[in-house]
Amino acid sequence: MQKITLEKIIYFFTGSVPALGVTFAYVIVSMIFGTIIGTGLYRMKSSHSKVAGFLANLYVTVVRCTPSLVMLFLVFYGLPLLVGGEAGARMEEWPILTFVCVTFSIFIGASSSEIIRAAVEAVPAGQAEAGLSVGLSGMQTFRYVTLPQMLKNAMPNIGNTVILLIKEGALAYTIGLRDVLGQAYYLSGREMNAYAVSMYIALTLIYWPLTILLEHLFAAFERALTPWERKGKRAALRRTAEGGAKYAG
Amino acid sequence: MRVDLEFIRQALPDIAKYIPVTLLLVVVSFFLSFPAGALFAWINYKKIRGLSPLVRAYMSLIRGTPVILQIYVIYNVTPYLLASLLEHMGSSFNVYRLNTIWYAFFALSLSSTVTIAEALRAGMETVGRGQFEGGLSVGMSGPQTMWHIVFPQALTAAMPVMGNVVVELTKATSLAFTMAVTEITGRAKILGGSVLRYFEAYICVFVLYIVIIALLEQLFKRFEKRISVYRTGRHSRAKA
C-alpha cells in the first residue's frame, strides 16, 4: 500500500488549487453561451412553427442522450475536421479550453432551455399585469417584478447546473485540459503516480468543500432575490418600514 | 483530412458488438444501487440515530466529487484493500486476476445509489401519515406496513427519477474504459486510435448511445405505466 503523507496531500492541494481559474473560466463561458443557446431553443419551442419546435426538441433529446465524454471527443476531433481546409488546420492549434467551452455550451444550451421554460411558466401573467397597472413601464415590470421571481425559481436549477459542470468538466483532462483534476494528474504523473492516494485525498478536499460552498451560495442568492418571502421578525420589519422605503425609492 | 464514410460503415457493426457489455454495466449497476438506495432512503426517512448522519455524509461526498475521481479511487485503491484483507483472512484468492468489470459495477453504482436514495426518501414523504397508521390498524407490523403499503407508493412517486437514473447510468458507462473495460466507447477509442480516425469512431458511438437510450426510455415508460396501479388515489380518481 502506498504511503499517505500529509506533506504530499498539501503539495497536491496547493499545486492544484490555482487551476480552479481554468475550471471557473469554462464554467462562466459555457454558462453564458449555453444560456444564449437555451434562450434561442426556448423561443423555438414556444413559437407557433412546428418545424422550429421539432428541431429544438430534437436538439435537446440528442444532447441529453450523449455522454459528456463522447461529446467532448466529437467536438475536439470533429470541429477542425468539419470546418476543413486551412481554417480547420489552424483550429487544431486553438487552446484546449476553447473546445471544452464549446462542448459544455452545447450541453448547457439543452438543459437551460428547460430551466428557462420552467422559470417563465412559474410566474403567473397576473404579476406582469399588476406591475403595468401600478404604472411601471414594460422594462421596469420585467426588471422589478418578473425577472426576480424567474431567477428565484431558476436558482436551484442554475446552482445544480454549475456544480454538475464543475464535476463533468473534470473529464476534459482526457483531451489534455489542465483544470483542477488535470493539474493534479499532471503533478502526480511527474512522480510516476507514487503518491496517487494522497492526490485523490487532495482532490476530494478541493471538490467536496467547493460543492458544499456553491450549494450554500446559490441558496443565499435565492433568498436575496425574494426578500418578501423571508421569514422571521427582522425580515418582516424590513418588509414594512425600511424595506418598503428602499424598494419604492 | 476529410470525414471517411467508408470507415464509419465498417466500424459501426464492430462497435455495436460491444452493446451487450454496455447494457450489462447498466443493468448490474442499477440492481446493485437500487437495494442500497432503498436502504439509505429508509434510514434517512426514519432518521435512525447514528446511521442517518453517516448516510448523509456519504451522499454529500458522492455528490460533491467528480465521477471520474470516484472511479479512479475505486479502481486503484480497492484492490490493495481487498488484497490485504484477504491475506489477513488467509485466503489464497488473487484479487488482481478479478475481472475489472467488477470494479466498474461498483464504481458506477455509487452515484446512482445517491440519486435513488434521495428520490425514494422524497417519495416516502409524499405518502400520507394515515397510510402508515392504516397499515398498523389492520394488524400489520411496522416493517410489513413499510414494505406492503409505503414502499410501493413511494416507488411510483420516484419512478420518473428512476428513468433518469437509467439514462445517467448509461451515459456514465462511457467512463468504464478508464477501468480497462471494453464497452462501446472503449472499442471506438481502440478502433479510432488504430488508424487515427477518432471523429468517425465517436460518431458511431454517438449514434449508438442515442438509440440505446431512446429504447431504454421507451421500456421504462411502459414499466412506469404498469407500476402506476399502486399510485395513491388512482381508483378514487377513476370513479370520480
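Residues numbered from 1 in each chain as written. Chains lettered and ligands numbered in written order. Predicted model: local features only at pLDDT ≥ 70, side-chain atom pairs only at ≥ 80, totals over all residues. Heavy atoms only, no water.

A word on the overall build of chain B
- Within chain B, the secondary structure is distributed over ten helices and zero strands.
- Helices and strands in chain B line up, N terminus first, as α-α-α-α-α-α-α-α-α-α.
- For chain B, the C-alpha atoms occupy an extent of roughly 70 × 55 × 30 Å along the three principal directions.
- Counting the 240 residues in chain B, one finds 46% classified as buried.
- Counting only contacts in chain B whose residues sit at least 6 apart along the sequence, the fraction spanning at least 24 positions is 78%. (Helix = DSSP H or I, 4+ residues; strand = E, 2+ residues; numbered from the N terminus. Buried < 20%, exposed > 50% of the residue type's maximum accessible area, 1.4 Å probe, protein only. Contact = heavy atoms within 4.5 Å.)

What to know about the overall build of chain A
- When helices and strands are tallied, chain A shows twelve helices and zero strands.
- What you see in chain A, going N to C, is helices and strands ordered as α-α-α-α-α-α-α-α-α-α-α-α.
- Across its three principal directions, the C-alpha atoms of chain A cover 70 × 50 × 30 Å.
- In chain A, which comprises 249 residues, the share counted as buried stands at 43%.
- Restricting to contacts in chain A with at least 6 residues of sequence separation, those with at least 24 account for 76%.
- Taking the average place of the 21 positive charges on the side chains of chain A and the average place of its 14 negative ones, the gap between the two points comes to 10 Å. (Lys, Arg positive; Asp, Glu negative; His and termini not counted. Charge placed at Lys NZ, Arg CZ, Asp CG, Glu CD.)

Quick look at the interface of chain A and chain B
- Each partner contributes to the interface: chain A provides 29 residues, whereas chain B provides 37 residues.
- Summing both sides of the interface, chain A and chain B together bury roughly 3100 Å²; the carbon and sulfur share of this comes to 76%.
- Between E217 of chain B and R64 of chain A there is a salt bridge, with its nearest N and O atoms 2.1 Å apart.
- Counting across the chain A and chain B interface gives nine residue pairs in polar contact (both at pLDDT 80 or more).
- Going through the elements one at a time, α3 (50-64), α4 (68-83), α9 (180-190) and α10 (196-225) of chain A are the ones with two or more residues in the side of chain A that touches chain B.
- Within the side of chain A that touches chain B, the residues separate by chemical class into 22 nonpolar, five polar and two charged. (Buried area = accessible area lost by both parts, 1.4 Å probe. Salt bridge = Lys/Arg side-chain N within 4 Å of Asp/Glu carboxyl O. Polar contact = N/O pair within 3.5 Å; in protein donor to acceptor, adjacent residues only side chain to side chain. Nonpolar A, V, L, I, M, F, W, Y, C, P; charged D, E, K, R; others polar.)

Here's the deal with the packing of aromatic side chains
- This model, assessed by the stated rule, comprises 23 aromatic pairs over all chains.
- Between Y77 of chain A and Y198 of chain B, the ring centres sit 4.5 Å apart and the planes meet at 15 degrees, which makes this aromatic pair stacked. Taken as a pair, Y77 of chain A in helix α4 and Y198 of chain B in helix α9 (residues 198-227) lie in two separate chains rather than in one.
- The interplanar angle of 5 degrees and the centroid separation of 6.4 Å between the aromatic rings of Y77 of chain A and Y202 of chain B together place this pair among those described as stacked. Residue Y77 of chain A is found in helix α4, and its partner Y202 of chain B is found in helix α9; the two belong to separate chains.
- Since its relative accessible area comes to 26%, Y77 of chain A is described here as partly exposed.
- A relative accessible area of 0% places Y202 of chain B in the buried class. (Phe/Tyr/Trp six-rings, centres within 6.5 Å; stacked < 30°, edge-to-face > 60°.)

Notes on helix α7 (residues 142-172) of chain B
- Given a rise of 1.5 Å per residue, 31 residues ought to cover 45 Å, yet the end C-alpha atoms of α7 of chain B are separated by just 37 Å, more than 12% below that figure.
- The largest bend in α7 of chain B amounts to roughly 55 degrees and is located at M159 of chain B, with the proline P160 of chain B lying one to four residues further along. (Expected span 1.5 Å × (residues − 1). Bend = angle between axes of the 7 residues up to and from the residue.)

Re the pattern of salt bridges
Residue and element names in this part refer to chain B.
- The full count for this structure, using the stated rule, is eleven salt bridges over all chains.
- Two residues, R197 and D4, come together in a salt bridge whose shortest N-O distance is 3.5 Å. Separated by 193 residues along the polypeptide, R197 in the loop between α8 (184-195) and α9 and D4 in the segment before α1 (5-16) bring together distant segments of the chain.
- A residue is classified by how much of its surface remains accessible, and R197, at 16% relative accessible area, is buried.

Examining the nonpolar core
- Grouped together as the largest cluster of nonpolar side chains are 122 residues, with contacts concentrated most on L181 and L203 of chain A together with I15 and L120 of chain B.
- Once residues within four sequence positions are removed from consideration, L181 of chain A is found in contact with A170, Y173, L203 and Y207 of chain A together with I68 and L69 of chain B.
- Counting residues in hydrophobic clusters, the runner-up holds five residues, among them I115, V123, M150 and A154 of chain A. (Core = buried A, V, L, I, M, F, W, Y, C linked by side-chain atoms within 4.5 Å.)

A few points about the side chain of T145 of chain B
Residues and elements named next belong to chain B.
- Take T145: it is sitting in helix α7.
- Among the residues examined, T145 registers a relative accessible area of 0% and is labelled buried.
- The contacts of T145, once residues within four sequence positions are left out, are Q131, F132, G135, L136, M140 and V150.

Comments concerning a nonpolar patch on the surface
- Together, F24, I28, V29, I32, F33 and I36 of chain A line one region of the surface with nonpolar side chains, adding up to about 540 Å² of accessible area.
- Relative to the helices and strands, V29 of chain A resides in helix α2 (residues 20-46). (Patch = residues over 30% accessible without salt bridge, like charges linked within 9 Å, V, L, I, M, F, W, Y side chains within 5 Å. Areas by Shrake-Rupley, 256 points an atom, 1.4 Å probe, with all protein chains shown as cover.)

Brief notes about the environment of V100 of chain A
Residue and element names in this part refer to chain A.
- Structurally, V100 is set in helix α6 (residues 96-122).
- A C-alpha to C-alpha distance of 40 Å links V100 and Q127, two positions 27 residues apart in sequence.
- Setting aside chain neighbours within four positions, we find V100 in contact with Y26, L72, A172, I175 and L177.

Some thoughts on α8 of chain B
- The end-to-end C-alpha distance of α8 of chain B, which contains twelve residues, comes to 17 Å, matching closely the 16 Å that a straight helix rising 1.5 Å per residue would cover.
- For α8 of chain B, the set of buried residues is I184, T185, G186, R187, A188, L191 and G192 of chain B.
- Elements that come into contact with the buried residues of α8 of chain B comprise α4 of chain A together with α1, α2 (19-46) and α9 of chain B.
- Regarding α8 of chain B, its N-cap is E183 of chain B, as a side-chain oxygen of that residue lies 3.2 Å from the backbone nitrogen of T185 of chain B further along.
- Count one or two residues on from α8 of chain B and you reach L196 of chain B, which has phi positive near 55 degrees.

Description of the side chain of K45 of chain A
- Its place among the elements puts K45 of chain A in helix α2.
- Residues contacting K45 of chain A, with those up to four places away along its chain left out, are G53, A56, N57, V60, S113 and E114 of chain A.

Looking at the packing of helix α8 (residues 138-168) of chain A against α10 of chain A
Residue and element names in this part refer to chain A.
- Where α8 contacts α10, the two axes come as close as 9 Å, and the packing angle between them is 175 degrees. When the axis of α8 is compared with that of α10, the two are roughly antiparallel. Residues P148, L151, K152, M155, P156, I158, G159, V162, I163 and I166 of α8 pack against Y207, L210, T211, L214, E215, F218, F221, E222 and L225 of α10.
- Taken together, the residues of the contact of α8 with α10 sort by class into 14 nonpolar, two polar and three charged. (Axes fitted to C-alpha atoms, helices over the stretch in contact; angles between N-to-C directions. Parallel < 35°, antiparallel > 145°, perpendicular 65-115°, else oblique.)

So, the confidence of the model for chain A
- Here chain A averages 86 in pLDDT, while 90% of its residues score no lower than 70.
- Per-element mean pLDDT across chain A ranges from 49 in helix α12 (residues 242-248) of chain A up to 94 in α2 of chain A. (pLDDT = per-residue confidence, 0-100.)

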